[in-house]
Amino acid sequence: MKCQECDKQAVFHITELETGEVRELHLCEDHARTYLNQSESAEGDDDEKASGGGLTGPLTVGQTADELALLDKKACPMCGITFFEFRNQGRLGCPHDYVHFEKELEPLIANIHGAAQHTGRKPQRPQADEGSQLSEGSQLPEGTEELTTVIGLRRSMQEAIACEDYEQAREVRDGIRGIEDRWLPDAARDPGSPPAGPPTS
Amino acid sequence: MKLDTLADAVGEWLRGTGPESDIVMSSRVRLARNVAQYPFVSRMSDQDRGEVERFLRERISSSSVGKELDYIDVGRLEEIDRQFLVERQLISREHAEAQGARGVAIDGLEQVSLMINEEDHLRIQCMHSGLDLRGAWEQIRGVDDQIGSAVPYAYHPKWGYLTACPTNVGTGIRVSVMLHLPALVITRQIDKVFRSLHKISLAVRGLYGEGSQAMGDFYQISNQTTLGKSEEELVEQVGDVVPVLIDYERRAREFLVRETQQNVHDQVSRAYGILRTAQTITAEETMQLLSRVRMGVLLGLIGDVKIADINSLLIRTQPAHLQKLRGVELDTKDRNIERARYLRRHFEGGPSGSPN
């Protein structure tokens, strides 16, 4: 990888948290030294930190902590996991996290894999049900984002039931069925009353 | 499926056949997959867990590959049976120790295993004896296609197959070989080899995967990254380094025979002696000694033992197997006595005597 400031080989890979965003820097030795000197002098200058004015370099400590705290509270609308919980467990909560936390995850994933684009196989999609209203003439998309919204819908259905708003719960349930029918043809599913499975050995 | 019937066979990873099987014990490929409409395992409610288990079990059993598989409800197994499956490398330690609805579907040859509700909803594994990554990959690709045409795997055009841990995202593939490298251990070259493997993004693990100790000079080499390369490229990445490692180990073995013949002969003979006469012995020591004897046999220093017997002893002296074969549950102390007795009886019966 080349230094982002010149044509030399990048030997320093720095991750900076700035205004709630994670920024990656890839620098050669010379530019890394210049960069790090800058940030040290910025951190050392309390007045500048307090006024917050004219800072183009990395964030000061106080701001970084605030931003981190905000980021930690960000929660996935589908499964409800916060970024803080993910950082603690190292495990994500649902497929939608890759979309919801994309900005935060991207540098992390790029760091682990040295890449940020899948180039391997794609799943063989189950055939869309021709009889279903939703699938009329439409092809299922490559990504399964739509089906994953069922995770959030299931949660709101449970909430509606808890509030005894059965009409709302029914509506949400019909919504879930519509999406599931489109993606999962031959499957009769009712999240509320799972049919008994075959015996196991 | 009756687990006890499996105890009579050695299982795929110790079958001791296939190319380069003097050094490469087995080749394994696994794929991590999740169902798009449920949270990942660590965030599932008990109800979700049950539904995912049922959904995948039904979809797997109605696929054509499913007809050749037996389903085991791991959640209902006794601890010893779960340990038994771990020893045969059909489920992971994490899967054995987890809670709640989970299961595994395995084929009669013990090559294919599909774990439900491990770290991901579905972990497909395919294992072949000896060096055969290509064969294992071809087989697992077929299984994945069949299951994938009935199960909506969580997938994103940019991130690929979505997994609970970002370290597996993309292809979700882990390609690994289990190597027996006693001569590199004895000649103290093993750390150097591992350091160079880390530099090319390959991981080294012990016998039972992540976090496990390297027992009996057995090591698993696998890819560390899963995104940005195709499955074939990752299979090749691991496959390319294996001949190099085989060559190192062979040269180290030759060196031992050439330069330290008396020493190495003494070492393997002592190992053999302990296995034949000990009155109490741990699983770890047994594995370590069997490893040395295995090398001794391959170097022609011990003439009257077969490699197949050593492989068979490697699995049958492990805790759950030992108890299954004995038919009773034993505590650690009694297991060590029973293990020594089993080994003595095996070697008493003559060089190729049946262990029964």
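Here the structure is shown first, and the text comes after it.
Owing to the predicted nature of the structure, the values given are computational and were not obtained by experimental measurement. (Residues numbered from 1 in each chain as written. Chains lettered and ligands numbered in written order. Predicted model: local features only at pLDDT ≥ 70, side-chain atom pairs only at ≥ 80, totals over all residues. Heavy atoms only, no water.)

With that settled, consider a negative patch on the surface. On the surface, a cluster of negative charge is made up of Glu78, Glu79, Glu94, Glu97 and Glu329 of chain B. In this structure, glutamate 78 of chain B sits in the loop between β2 (69-72) and α3 (79-87). (Patch = residues over 30% accessible without salt bridge, like charges linked within 9 Å, V, L, I, M, F, W, Y side chains within 5 Å. Areas by Shrake-Rupley, 256 points an atom, 1.4 Å probe, with all protein chains shown as cover. Salt bridge = Lys/Arg side-chain N within 4 Å of Asp/Glu carboxyl O. Lys, Arg positive; Asp, Glu negative; His and termini not counted. Charge placed at Lys NZ, Arg CZ, Asp CG, Glu CD. Helix = DSSP H or I, 4+ residues; strand = E, 2+ residues; numbered from the N terminus.)

The next point concerns the sheet that holds β2 of chain B. All names here are of chain B. If you trace the eight strands from one edge of the open sheet to the other, you get β2-β3-β4-β5-β1-β8-β10-β9, paired in antiparallel fashion. The sheet is open, and its two edges are formed by β2 and β9 (202-205), each paired on a single side. Each neighbouring strand pair of the sheet contributes to a mean axis angle of 20°, computed without reference to strand direction. Two strands pair when backbone bridges link them, and β2 and strand β3 (residues 103-107) are joined in this way by four bridges, in the antiparallel orientation. The partner of aspartate 70 across the bridge, within β3, is isoleucine 106. (Pairing = 2+ DSSP bridges. Axes fitted to C-alpha atoms, helices over the stretch in contact; angles between N-to-C directions.)

Tallying each qualifying case throughout the model produces six aromatic pairs over all chains. The interplanar angle of 55° and the centroid separation of 5.6 Å between the aromatic rings of phenylalanine 83 of chain A and phenylalanine 86 of chain A together place this pair among those described as tilted. With phenylalanine 83 of chain A and phenylalanine 86 of chain A both in helix α4 (residues 83-89), this residue pair falls three residues apart, about one helical turn. Exposure remark for phenylalanine 83 of chain A: the relative accessible area of 6% places this residue in the buried category. Given the relative accessible area of 5%, phenylalanine 86 of chain A is considered buried. Centroid distance tyrosine 153 of chain B to tyrosine 161 of chain B: 6.0 Å. Interplanar angle 75°. Geometry classified as edge-to-face. Each member of the pair tyrosine 153 of chain B and tyrosine 161 of chain B is classed as buried. Grouped by ring-pair contacts, the aromatic residues Phe83, Phe86 and Phe101 of chain A constitute a single cluster. The residue whose ring lies beneath arginine 154 of chain A is tyrosine 38 of chain B, and the NZ or CZ to ring-centre distance is 4.1 Å. Positioned above the aromatic ring of tyrosine 153 of chain B, the side-chain terminus of arginine 33 of chain B is 5.4 Å from the ring centre. (Phe/Tyr/Trp six-rings, centres within 6.5 Å; stacked < 30°, edge-to-face > 60°. Buried < 20%, exposed > 50% of the residue type's maximum accessible area, 1.4 Å probe, protein only. Lys NZ or Arg CZ within 6 Å of the ring centre and 35° of its normal.)

Turning our attention to the state of the cysteines. Cysteine pairs can be covalently joined through their sulfur atoms, and such a bond is termed a disulfide. Residue and element names in this part refer to chain A. Following the criterion strictly, the structure yields zero disulfides over all chains and no others. Of all cysteine sulfurs in the structure, the one in cysteine 94 sits closest to cysteine 76, which takes part in no disulfide; the separation is 3.9 Å. The thiol sulfur of cysteine 94 is not disulfide-bonded, and the nearest other cysteine sulfur, from cysteine 79, lies at 3.7 Å. Owing to a relative accessible area of 0%, cysteine 94 belongs among the buried residues under this scheme. (Disulfide = S-S within 2.5 Å.)

Looking now at helix α8 (residues 231-277) of chain B. A rise of 1.5 Å per residue sets the reference length of α8 of chain B, with its 47 residues, at 69 Å; its end C-alpha atoms lie only 48 Å apart and thus fall more than 12% short of the reference. The principal kink in α8 of chain B, of about 115°, is found at threonine 260 of chain B. (Expected span 1.5 Å × (residues − 1). Bend = angle between axes of the 7 residues up to and from the residue.)

So, about the side chain of asparagine 223 of chain B. Residues and elements named next belong to chain B. With respect to the element layout, asparagine 223 can be found in strand β10 (residues 218-223). Within the structure, asparagine 223 has its side chain in polar contact with the backbone oxygen of isoleucine 173 (distance 3.2 Å). A polar side-chain atom of asparagine 223 sits 2.9 Å from the main-chain carbonyl oxygen of threonine 225. Once residues within four sequence positions are removed from consideration, asparagine 223 is found in contact with Ile173, Arg174, Val175, Ser201, Leu202, Leu234, Gln237 and Val238. (Polar contact = N/O pair within 3.5 Å; in protein donor to acceptor, adjacent residues only side chain to side chain. Contact = heavy atoms within 4.5 Å.)

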